[in-house]
Amino acid sequence: MRIAVSGSIATDHLMTFPGRFADQLVAEQLHTVSLSFLVDKLDVRRGGVAANICFGMGQLGARPVLVGAAGADFAEYRAWLDRHGVDTASVRISEVLHTARFVCTTDSDHNQIGSFYTGAMSEARLIELQSVAERVGALDLVHIGADDPEAMMRHTEECRTRGIPFAADYSQQLARMGGDEIRGLTQGAAFLFANEYETALVASKTGWSPEQILQEVGTQVTTLGARGVRIERAGEPVIEVGCPAEETKADPTGVGDAFRAGFLSGLAWGVSLERAAQVGCMLATLVIETVGTQEYELRRAHFMERFTKAYGADAAAEVQDHIG
């Protein structure tokens, strides 16, 4: 099963200011703020939902196809993804814009001042999925993640027109969307991914009941934070999968992307939805134990040892031959 993952590709520039923002602000002069903070720490991390998901799938050996737009500064990032089992040949490189970038400064009180530069992400709307399918032979599923909004809509419409199964996963873009846009991105999806709050927001904005949502999509996958995941299909028993025990909790950023990477890898292998969700939860646990979205290392023996402890020997036997 060949899976393409569309969505954002970005880098995060995270800085730490040892003081407090509040001490630098003068109430009477807030209308003319002009401040510069001398920071003592800078972390540059690879990110973007599509790149994060593809990295996890590559670690598992699922060989995903990354679909998105980046700038000429993507060369080093591309090499990193290529080394970790990701097909990056369908990434569009802008001739005039930089790769999307998030720049954020955090003070000693954990307050943050950040900016997101969309950059080349705006050109994702120019990507034709048909050309991607022709290059790799065929696409069995396109995961449509948070991206340039017009790109998300065009990818969805193209999947419907060409009969390519797709997964709807609007995540960070959900807040800016209205009911009509959400319905347009959801109807006919093979999978709908969201967390609990996003699921409630989808229902509120579309006016759909939970039963109606299940009539619109093949499978609804709702992540439940530390409680794991719930999988629902119309007329089928609900599947609930818990998370493995954490060894530590370092950084929750990218946990949702890691779950999707594991789940999609399970689909590519042809295992059951329950097994796919278990793989996703195991990979998400590795990410929460690591600072950064692509800084974890998947060691097969260690992964399977913890997977077996969490879900049992029978479950492990079904996935162990697939782990890269």
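A few points on the structure.

Each value, and the rule that gives it
- Think of each chain on its own: its residues are numbered from 1, step by step along the sequence as written.
- pLDDT decides what is reported in this predicted model: residues at 70 or higher carry local features, side-chain atom pairs at 80 or more are listed and counted, and totals for whole chains, interfaces and linings draw on all residues regardless.
- Based on all heavy atoms of the structure, the side-chain values leave hydrogens and waters out of the count.
- Take a side-chain nitrogen of Lys or Arg and a carboxyl oxygen of Asp or Glu: if they are within 4 Å of each other, that pair is a salt bridge.
- Every helix listed is a DSSP run of H or I at least four residues long, and every strand listed is a run of E at least two residues long, numbered separately from the N terminus.
- Only protein chains enter the area calculation, which uses a 1.4 Å probe; residues under 20% of their type maximum are buried, those over 50% are exposed, and those in between are partly exposed.
- Note on pairing: DSSP must find at least two bridges between two strands before they are called paired.
- Inter-axis angles, ranging from 0 to 180 degrees, are taken between N-to-C directions of lines fitted to C-alpha atoms, where helices are fitted over the stretch in contact.

Notes on the pattern of salt bridges
- This structure, assessed with the given rule, holds 21 salt bridges.
- Residue glutamate 150 pairs with arginine 125 through a salt bridge whose shortest N-O separation is 2.8 Å. You can see glutamate 150 sitting in helix α4 (residues 149-162) and its partner arginine 125 sitting in the loop between β8 (112-117) and α3 (129-136), a full 25 residues away along the chain.
- One salt bridge in this structure joins arginine 154 and glutamate 150, with 2.6 Å as the shortest N-O distance.

Here we look at the environment of glutamine 215
- If you trace the backbone, glutamine 215 turns up in helix α7 (residues 210-216).
- Residue glutamine 215 is classed as exposed on the basis of its relative accessible area, which comes to 62%.
- A C-alpha to C-alpha distance of 34 Å links glutamine 215 and alanine 245, two positions 30 residues apart in sequence.

Some words on the pairing of strand β13 (residues 229-232)
- Sheet analysis places strand β12 (residues 219-223) next to β13, joined by 4 bridges and oriented antiparallel. Each residue of the ladder has a partner; that of valine 221, found in β13, is isoleucine 231.
- Taking the residues that link successive antiparallel strands as the turn, the β13-strand β14 (residues 239-241) hairpin has 6 residues, and the phi of glycine 235 there is positive, at about 75°.

Topic: unusual backbone geometry
- You will see that arginine 63, though not glycine, has its phi angle at about 50°, which is positive.
- Structurally, the position occupied by arginine 63 is in the loop between α1 (49-60) and β4 (65-67).
- At serine 171, a residue that is not glycine, the phi angle is positive and equals roughly 35°.
- Looking at where serine 171 falls in the secondary structure, it is placed in the loop between β10 (166-168) and α5 (179-186).

Focus on the sheet that holds strand β3 (residues 41-47)
- The mixed open sheet is built from 4 strands, whose spatial order is β3-β2-β7-β8. Each edge of the open sheet carries a strand with a single partner, namely β3 and β8. For this sheet, the mean inter-axis angle between neighbouring strands, taken without regard to orientation, is 15°.
- Of the strand pairs in this sheet, strand β2 (residues 10-16) and strand β7 (residues 100-106) are connected by 7 bridges, and their pairing is parallel. Bridged to leucine 14 within β7 is cysteine 104.

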